Amino acid sequence: MSSKKKNDGNSGSSRSQIVRSFKVMDVMRGANELQEKLNREHAERKASPETTDDDGPEKVLHLEVGQPESGAPQAVASAAVEALTMPRAKENVMGYTDAFGLTDLRHKIRQHYIDKYRSGDKEGSNNDALQVPDVSQIVVTTGSSGAFLLAFTACFDPKDTVAIASSGYPCYRNILQALGCSIATVGINDEYKITATELEKEIQSRKQTSSPSIKGLILSSPSNPTGSMLTPQELKELCELCNREDIVFMSDEIYHGISYGNVKEATALQYAAGNTKSNSNRNIVVINSFSKYYSMPGWRLGWMVVPERFVQSINKLQQNMFINAPTVSQTAALKCWDSNTIEELETHVSKYRANRAAILNRFDTKDRSDDTQNVLKGLMLETNVAPADGGFYVYVDLGEDFVCMEPSGDNNETVLDSVKLCELLLEREHVAVTPGIDFEDPECPQNLGRRRFRISYAGGTQIITKAMDKFVGFWNNVWVPSIAAAKKRGSKRKLE
Ligand SMILES: Cc1ncc(COP(=O)(O)O)c(C=O)c1O
């Protein structure tokens, strides 16, 4: 729909109408509705005098949403209870905080950078370059989502062009569009990443065609949905290129802490001063959150580290848009870096590692010699699955072999694509996963969104294992035969 379309009075502003829904939330709503139906059916069965079954209602298995099942760390939850139940002292009324958040929390965040990316790691020479942020540059935000709104509004004007990855977190595109920014979609490489090479190509092609230059870049590493991670060298080169071209680079580091040893985690703050005349950070904005590693998604708490030149604008915007991030969440988050909390959080990472293995083991491999009954036949780990180096997602590309369009009379077509696969998996097996249309460039000519889907393994290992059993059964007995039959009938193989 054109952004110029006149507002008809019933449907919100014209710019809100170009914003697409966040599909994973739609999938989650569908899964929740299915759960309600299963609950009702169970209640009806239970009410009947003949029923002896009382195993409870069947549960929908949620592998769609990227939400830790674990809840907040114990010390954090206890601190929240204590803060809310303690006798009211003057300083404990859970009133507003400073716009940038509690000073103690901002100090802890600063210390986190020193501990994790500098003194805590003696291996790399890059550590010397870490720009230890001043507390005045640290902003506590309402989740990283609140940080996006603040950072985009502070750093970009309407019509400014901001680069995003062709496979990426959908809300970047959606929020930027809501703010009137233009999007430059940069195609990811074969390793599912944007590196300096891909960005440089886009910059040069814009120069050649006199297209508007790129003002900003936002991406996440580890990536949602692909799980790919930039190596420290790739991150360094990207920061240097952005500094050279005066591009504001927003490095979304929300999945830091959740990686599996294939690629070393580095923060863009380690390379913030590269290529700058003043040897200080001019262009690098780092965004992070308590929603993933810290297991506190509903607490709506995040942070960002911003170059000094944006501090005043962000302060004014925060005062006006949010006032401050939730005070009770900030108070409890002071416990996030206690040693017992970190110990608890590391057990979650071990669980994610086991979950990841439980999923990856079910893909076919070129040299698999064991029982192939238990694997997704023909869906190859080497070619159909993105790297899964960090975060808690496995991103699958069905390729052209496992999708097709089936003409079924008139002009109607039965589409066997990843959207249909997700629909059927939920309907028949009660397993929820998210189709790639949430994450892929909607303009992409190969329609990759309809070839790909994302499995989230932020849940419990038993649930993941059970869901994969169901998925393998569905794949081998329903999906693969349906595709084969459709092809035999002469259906087109490619999506259009
Ligand atoms: C890459 C990425 N960034 C940001 C967010 C938003 O997180 P929150 O607003 O809870 O911090 C998500 C949520 O899934 C995400 O995957």
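This section reports on the structure supplied with the text. Note that the structure is predicted; figures quoted are calculated from it, not measured. (Residues numbered from 1 in each chain as written. Predicted model: local features only at pLDDT ≥ 70, side-chain atom pairs only at ≥ 80, totals over all residues.)

## Quick notes on the overall build of the protein
For step 1, the next point in the chain: In terms of helices and strands, the protein carries 14 helices and 16 strands.
For step 2, the next point in the chain: Every one of the 496 residues in the protein was classed for burial, and the buried ones make up 41%.
For step 3, the next point in the chain: Residue pairs in contact within the protein that sit at least 24 positions apart in sequence constitute 72% of those at least 6 positions apart. (Helix = DSSP H or I, 4+ residues; strand = E, 2+ residues; numbered from the N terminus. Buried ≥ 20, exposed ≤ 12 C-beta atoms within 10 Å, placed from the backbone. Contact = placed C-beta atoms within 7 Å.)

## What to know about the sheet that holds strand E16 (residues 452-456)
For step 1, the next point in the chain: Taken in spatial order, the three strands line up as E11-E16-E15 in an open sheet, and their pairing is antiparallel. Single-partner strands in this sheet number two, and they are strand E11 (393-397) and strand E15 (434-435).
For step 2, the next point in the chain: Here E15 runs beside E16; their pairing, made up of two bridges, is antiparallel. Counted as the bridge partner of Thr 434 is Arg 454 from E16. (Pairing = 2+ DSSP bridges.)

## A look at the environment of Glu 58
For step 1, the next point in the chain: Residue position: Glu 58 is located in the loop between helix H2 (23-47) and strand E1 (61-62).
For step 2, the next point in the chain: Taking C-alpha positions, Glu 58 is 9.7 Å from Glu 41, a pair spaced 17 residues apart along the chain.

## What to know about the environment of Asp 389
For step 1, the next point in the chain: With respect to the secondary-structure elements, Asp 389 resides in the loop between helix H12 (381-384) and E11.
For step 2, the next point in the chain: Judged by local crowding, Asp 389 falls into the buried class, with 23 C-beta atoms found within 10 Å.
For step 3, the next point in the chain: C-alpha of Asp 389 to C-alpha of Pro 222: the two residues are 167 residues apart in sequence and 7.2 Å apart in space.
For step 4, the next point in the chain: Apart from residues no more than four positions distant in its own chain, Asp 389 is found in contact with Pro 222, Gly 227, Ser 228, Met 229, Ser 259, Tyr 260, Asn 262 and Val 263.

## Quick look at the sheet that holds strand E4 (residues 182-186)
For step 1, the next point in the chain: If you walk across this open sheet you meet the seven strands as E2-E8-E7-E6-E5-E3-E4, and the pairing is mixed. Strands with a single pairing partner mark the edges of an open sheet, and in this sheet they are strand E2 (138-141) and E4. Between one strand axis and the next, the sheet turns through 20 degrees on average, direction left out of account.
For step 2, the next point in the chain: With four bridges joining them, strand E7 (residues 284-289) and strand E8 (residues 302-305) adopt antiparallel strand pairing. Among the inter-strand pairings, Asn 288 is bridged to a residue of E8, identified as Trp 303.
For step 3, the next point in the chain: Sheet strands touched by helix H5 (residues 143-155): E2, strand E5 (214-220), strand E6 (248-252), E7 and E8. Its angle to E7, the strand with the most contacts, is close to 160 degrees. (Axes fitted to C-alpha atoms, helices over the stretch in contact; angles between N-to-C directions.)

## Some remarks on the site of the ligand
For step 1, the next point in the chain: Near the ligand you find 13 residues, and of these Gly 143, Ser 144, Ser 145, Ser 289 and Ser 291 are the closest.
For step 2, the next point in the chain: At three residues, the largest contribution of residues to the shell around the ligand is made by H5.
For step 3, the next point in the chain: Here the residues of the shell around the ligand sort into three nonpolar, nine polar and one charged. (Near = placed C-beta within 6 Å. Nonpolar A, V, L, I, M, F, W, Y, C, P; charged D, E, K, R; others polar.)

## Quick word on the nonpolar core
Nonpolar side chains tend toward joint burial in soluble globular proteins.
For step 1, the next point in the chain: Formed by 123 residues in total, the largest nonpolar core has its most connected members in Ala 151, Leu 217, Phe 249 and Met 304.
For step 2, the next point in the chain: Residue contributions to this core peak at eight residues, all from helix H14 (residues 461-488).
For step 3, the next point in the chain: Both domain 1 (14-68 + 345-488) and domain 2 (94-337) contribute no fewer than three residues apiece to this core.
For step 4, the next point in the chain: Apart from residues lying up to four places away in sequence, Leu 217 is in contact with Val 162, Ala 163, Leu 199, Cys 242, Ile 247, Phe 249 and Met 250. (Core = buried A, V, L, I, M, F, W, Y, C linked by C-beta atoms within 7 Å. Domains from an automatic or database assignment.)

## Quick notes on the pairing of E6
For step 1, the next point in the chain: Within E6, five of the five residues are buried, which leaves the element mostly enclosed by the surrounding structure.
For step 2, the next point in the chain: With burial as the criterion, each face of E6 is covered, one bearing Val 248, Met 250 and Asp 252 and the other bearing Phe 249 and Ser 251.
For step 3, the next point in the chain: Relative to E6, E5 is paired through five bridges, and the arrangement is parallel. Bridge pairing links Ile 218 to Met 250 in E6.
For step 4, the next point in the chain: Taking the sense of rotation as the criterion, the β-α-β connection linking E5, helix H8 (residues 232-245) and E6 turns out right-handed.
For step 5, the next point in the chain: Taken together, the four bridges between E6 and E7 define a ladder with parallel strand orientation. Within E7, the residue paired with Ser 251 across the bridge is Val 286. (Right-handed = clockwise from strand over helix to strand, strands pointing away.)

## Description of the packing of H5 against helix H6 (residues 170-178)
For step 1, the next point in the chain: In contact at an axis separation of 11 Å, H5 and H6 are set at 40 degrees when each is read in the N-to-C sense. The pairing of H5 with H6 is recorded here as oblique in orientation. The crossing of H5 and H6 is right-handed. Residues Ser 145, Phe 148, Leu 149 and Phe 152 of H5 touch H6, and the partners they reach there are Cys 171, Ile 175 and Leu 176. (Parallel < 35°, antiparallel > 145°, perpendicular 65-115°, else oblique. Left-handed = near helix turned anticlockwise from the far one by under 90°.)

## Some thoughts on H6
For step 1, the next point in the chain: Where H6 is concerned, the buried positions are Pro 170, Tyr 172, Arg 173 and Leu 176. Relative to the axis of H6, the buried residues are bounded by an arc of 165 degrees and lie together on one face.
For step 2, the next point in the chain: Of the surrounding elements, those touching the buried residues of H6 are H5, strand E3 (161-165), E4 and E5.
For step 3, the next point in the chain: One or two steps after H6, the chain reaches Gly 180, where phi turns positive at roughly 85 degrees. (Arc of directions from axis to C-beta.)

## A closer look at the pairing of E7
Residues in a regular strand point their side chains to alternate faces of the sheet.
For step 1, the next point in the chain: Counting buried positions along E7 yields six of six residues, so the element is predominantly enclosed.
For step 2, the next point in the chain: On E7, burial covers both faces: Ile 284, Val 286 and Asn 288 on one face and Val 285, Ile 287 and Ser 289 on the other are all buried.

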